[in-house]
Amino acid sequence: MAGAISKNARRGGQKTLTSRWGGVIKMKSIFENGKLRHVAYCEKSGNTARKPKDLM
């Protein structure tokens, strides 16, 4: 599990999380409609979610 790390802090990639498809979960920031939002994505399958926990 990720522990008590916010999704903003997790964007730096200190811990490597693995998804249920076996790929590494990374965070990326998307600037959309004047807002900056963070999205988790699986490198192997390309699936995206709002939180890394949704991909595990």
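Predicted model, so just to flag it, every value in this text is computed and none were measured.

**Remarks on the overall build of the protein chain**
In terms of helices and strands, the protein chain carries 1 helix and 4 strands. Classification of the 56 residues of the protein chain by burial places 25% in the buried group. Residue pairs at least 24 apart in sequence account for 25% of intrachain contacts in the protein chain once pairs closer than 6 positions are excluded. Counting every atom, the protein chain has about 4000 Å² of accessible surface; 47% of that belongs to carbon and sulfur.

**Here we look at the sheet that holds strand β1 (residues 17-18)**
Pairing between sheet strands relies on hydrogen bonds along the backbone, with the strands arranged either parallel or antiparallel. On the basis of which strands lie adjacent, the open sheet formed by 4 strands has the order β1-β2-β3-β4 and antiparallel pairing. The open sheet has two edge strands with one neighbour each: β1 and β4 (48-49). As paired elements, β1 and strand β2 (residues 24-32) share 2 bridges and run antiparallel to each other. In the strand pairing of β2, T18 is matched with V24.

**Considering the nonpolar core**
Ranked by size, the top nonpolar core spans 6 residues in total: L17, I25, M27, A40, A49 and L55. Setting aside chain neighbours within four positions, we find A40 in contact with I25, K26, M27, N47, T48, A49, R50, K51, P52 and L55.

**Describing the side chain of H38**
Mapped onto the fold, H38 is located in strand β3 (residues 35-42). Overall, H38 belongs to the buried group, its relative accessible area being 17%. Looking at H38, its side chain comes within polar contact range of the side chain of S29, at 2.8 Å.

**Quick word on the pairing of β2**
Linking β1 to β2, which pair antiparallel, is a turn of 5 residues; within it G22 sits at a positive phi near 95 degrees. In the sheet, β2 pairs with β3 via 8 bridges, with the strands oriented antiparallel. Within β3, the position partnered with K28 by the bridge is V39.

Here is what the cut-offs are and how they apply
- Residues numbered from 1 in each chain as written.
- Predicted model: local features only at pLDDT ≥ 70, side-chain atom pairs only at ≥ 80, totals over all residues.
- Heavy atoms only, no water.
- Helix = DSSP H or I, 4+ residues; strand = E, 2+ residues; numbered from the N terminus.
- Buried < 20%, exposed > 50% of the residue type's maximum accessible area, 1.4 Å probe, protein only.
- Contact = heavy atoms within 4.5 Å.
- Areas by Shrake-Rupley, 256 points an atom, 1.4 Å probe, with all protein chains shown as cover.
- Pairing = 2+ DSSP bridges.
- Core = buried A, V, L, I, M, F, W, Y, C linked by side-chain atoms within 4.5 Å.
- Polar contact = N/O pair within 3.5 Å; in protein donor to acceptor, adjacent residues only side chain to side chain.

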